[in-house]
Amino acid sequence: MSALLAPGTVVRVRDDWPETRGPCHIRTPHYLRGARGVVEKHLGAFANPEELAFARPAKVLNLYHVRFVPAAIWPDAGGDALVVELFESWLEAAA
Amino acid sequence: MSTLLETPSDRLLAAVRQLLTAKGVMTHDEIAERIRITDAASPAQGARMVARAWTDPAYRARMLADGAKAAEEMDIPMRGMPPLGVLEDTAEQHNLVVCTLCSCYPRAVLGYPPFWFKSAAYRARAVRDPRGLLLEFGTVLPAEVKLRVVDSTADYRWMVLPLRPAGTEGWSAAQLAAIVREGDMIGTTFPRLP
């Protein structure tokens with residue numbers, strides 16, 4: 001596991017599309033790929049479901065609640081905040 | 001079971017159960033217990049937690065800190081269940097739960113999900129057009145109340161702790177639990193007087 005991200009840290013969801021490369025199991029919704037969000041809370045650490053799904057050895061990863069601005073994702077978005085559980089493996093430092 | 005009514009999925013289920021026990025993954029008793037717990041779970045369980053949170057501030061604090069522990073405190077079986085997070089509604093902010101990837105749902109406290117929770121329409125609209133979606137449930141969110149949508153994508157399960165409706169002052173926890181519905185804990189509706 002990497003160092004814990006503090007609440008308020010600005011992150012970017014990796015703009016990665018493993019589903020275009022072959023069979024995979026993904027817990028990061030496609031609508032968030034490349035989106036900027038803010039870490040709201042550390043939720044704990046869990047074995048990586050992307051590996052567990054294939055009965056492969058799974059690293060334990062930090063899981064965060066990350067908050068996004070819906071209007072930055074869809075121009076016609078109606079909500080005020082969108083909060084999603086994301087594993088650290090999908091998060092990178094925001095430029 | 002009558003062989004006349006047996007379907008391919010019945011045979012598949014029987015084969016999986018046989019394999020689980022033959023390979024020592026689970027015993028027949030453990031499978032039976034899990035079926036019993038799953039069938040017994042219903043929104044009435046979550047409603048008891050909500051009603052107690054409305055009447056017991058210390059319990060409310062414990063429930064917001066750790067939903068699974070708070071459920072166990074109410075004799076709701078949580079063994080083997082994912083962690084349970086509780087989303088607190090306030091006068092300023094309302095929460096709505098969706099699982100856009102599949103159908104993650106806090107089954108231990110709410111039972112089987114309603115059919116629409118898994119629909120592509122609900123999943124797509126909850127994140128993009130949540131106010132329009134709420135209107136279709138007859139829920140008018142005041143313009144000044146912020147709407148926070150929680151997409152349940154990983155190891156947690158989420159339930160909403162809604163606001164206690166006006167006009168319920170002096171009600172017992174049992175009376176309060178009786179008015180809390182499934183949608184009130186998903187966030188599609190608000191508890192209201194019968």
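The coordinates are above.
Just so it is clear, the structure is predicted and the values come from calculations on it, not from any experiment.

A. Highlighting the overall build of chain A. The number of helices and strands found in chain A is 2 helices and 5 strands. Listed by position from the N terminus, the elements making up chain A come as β-β-α-β-α-β-β. Relative to a compact globule of 95 residues, whose C-alpha radius of gyration would be 12 Å, chain A shows 14 Å and is just as compact. With the principal axes as the frame, chain A shows a C-alpha extent of 40 × 30 × 25 Å. Counting across all 95 residues of chain A, residues that qualify as buried make up 41%. Counting contacts in chain A only where the partners sit at least 6 residues apart, residues at least 24 apart contribute 57% of the total. In the form shown here, chain A has an accessible surface area of approximately 4,800 Å², with 56% of it arising from carbon and sulfur atoms. Across chain A, the 10 positively charged side chains and the 11 negatively charged ones have centroids separated by 4 Å.

B. Spatial organisation of the interface of chain A and chain B. Contact with chain A, which involves 23 residues of that partner, is made by 20 residues of chain B. Buried surface at the junction of chain A and chain B, summed over both partners, amounts to about 1,900 Å²; 52% is from carbon and sulfur atoms. In terms of surface lost to chain B, no three residues of chain A exceed R27, D80 and E85 of chain A, which account for 27% of the buried area on that side. Joining chain A to chain B, the criterion identifies 3 salt bridges. Taken together, the links from chain A to chain B amount to 17 residue pairs in polar contact (both at pLDDT 80 or more). If you list the elements that add at least two residues to the side of chain A that touches chain B, you get strand 2 (36-47), strand 3 (60-68) and strand 4 (81-87) of chain A. A total of 6 residues in the side of chain A that touches chain B trace back to one element, the largest contributor, which is strand 4 of chain A. When grouped by side-chain class, the residues that make up the side of chain A that touches chain B number 14 nonpolar, 4 polar and 5 charged.

C. Just the layout of surface pockets, in detail. Its boundaries defined by the atoms lining it, the largest pocket holds a volume of some 360 Å³. Along the walls of the largest pocket sit 21 residues, with K41 of chain A together with L64, V86, L87 and W158 of chain B positioned nearest its centre. Those elements giving two or more residues to the lining of the largest pocket turn out to be strand 2 of chain A together with helix 4 (57-65), helix 5 (67-73), strand 1 (84-88) and strand 2 (93-98) of chain B. Residue contributions to the lining of the largest pocket peak at 5 residues, all from strand 1 of chain B.

D. Just the pairing of strand 1 (residues 10-13) of chain A, in detail. All names here are of chain A. On strand 1, burial follows the alternation: V11 and V13 on one face are buried, whereas V10 and R12 on the facing-out side are not. Both strand 1 and strand 2 contribute to a ladder of 3 bridges, which runs antiparallel. Residue pairing for strand 2: V10 is matched across the bridge by V38. With 3 bridges connecting them, strand 1 and strand 5 (residues 91-93) associate as antiparallel partners. Note on strand 5: the bridge partner recorded for V13 is L91.

E. Molecular detail of the nonpolar core. Residues F68 of chain A together with M49, M63, Y122 and M159 of chain B are the most contacted members of the largest nonpolar core, which totals 59 residues. Take this core: its biggest share by element is 6 residues, from helix 3 (residues 43-55) of chain B. F46 and V83 of chain A together with V150 and Y156 of chain B belong to the second-largest nonpolar core, a separate cluster that totals 13 residues.

F. Fine view of the pattern of salt bridges. Following the criterion strictly, the structure yields 18 salt bridges over all chains and no others. A salt bridge links R128 of chain B to D76 of chain A, with the nearest nitrogen and oxygen atoms 2.9 Å apart. Taken together, the residues R128 of chain B in helix 7 (residues 120-128) and D76 of chain A in the loop between helix 2 (70-73) and strand 4 connect one chain to another. With a shortest N-O distance of 3.1 Å, R60 of chain B and E88 of chain B are connected by a salt bridge. Taken together, the residues R60 of chain B in helix 4 and E88 of chain B in strand 1 connect sequence positions 28 residues apart. A network of salt bridges, in which partner residues are shared, links R52, D56, R62 and E73 of chain B.

Conventions used here
- Residues numbered from 1 in each chain as written.
- Chains lettered and ligands numbered in written order.
- Predicted model: local features only at pLDDT ≥ 70, side-chain atom pairs only at ≥ 80, totals over all residues.
- Heavy atoms only, no water.
- Helix = DSSP H or I, 4+ residues; strand = E, 2+ residues; numbered from the N terminus.
- Rg over C-alpha atoms; globule rule 2.2 N^0.38 Å.
- Buried < 20%, exposed > 50% of the residue type's maximum accessible area, 1.4 Å probe, protein only.
- Contact = heavy atoms within 4.5 Å.
- Areas by Shrake-Rupley, 256 points an atom, 1.4 Å probe, with all protein chains shown as cover.
- Lys, Arg positive; Asp, Glu negative; His and termini not counted.
- Charge placed at Lys NZ, Arg CZ, Asp CG, Glu CD.
- Buried area = accessible area lost by both parts, 1.4 Å probe.
- Salt bridge = Lys/Arg side-chain N within 4 Å of Asp/Glu carboxyl O.
- Polar contact = N/O pair within 3.5 Å; in protein donor to acceptor, adjacent residues only side chain to side chain.
- Nonpolar A, V, L, I, M, F, W, Y, C, P; charged D, E, K, R; others polar.
- 1 Å grid on protein atoms, 1.4 Å probe; cavity = no way out; pocket = protein on both sides within 12 Å on 5 of 7 lines; lining within 4 Å.
- Points joined across faces, edges and corners; volume = space filled by probe spheres on them.
- Pairing = 2+ DSSP bridges.
- Core = buried A, V, L, I, M, F, W, Y, C linked by side-chain atoms within 4.5 Å.

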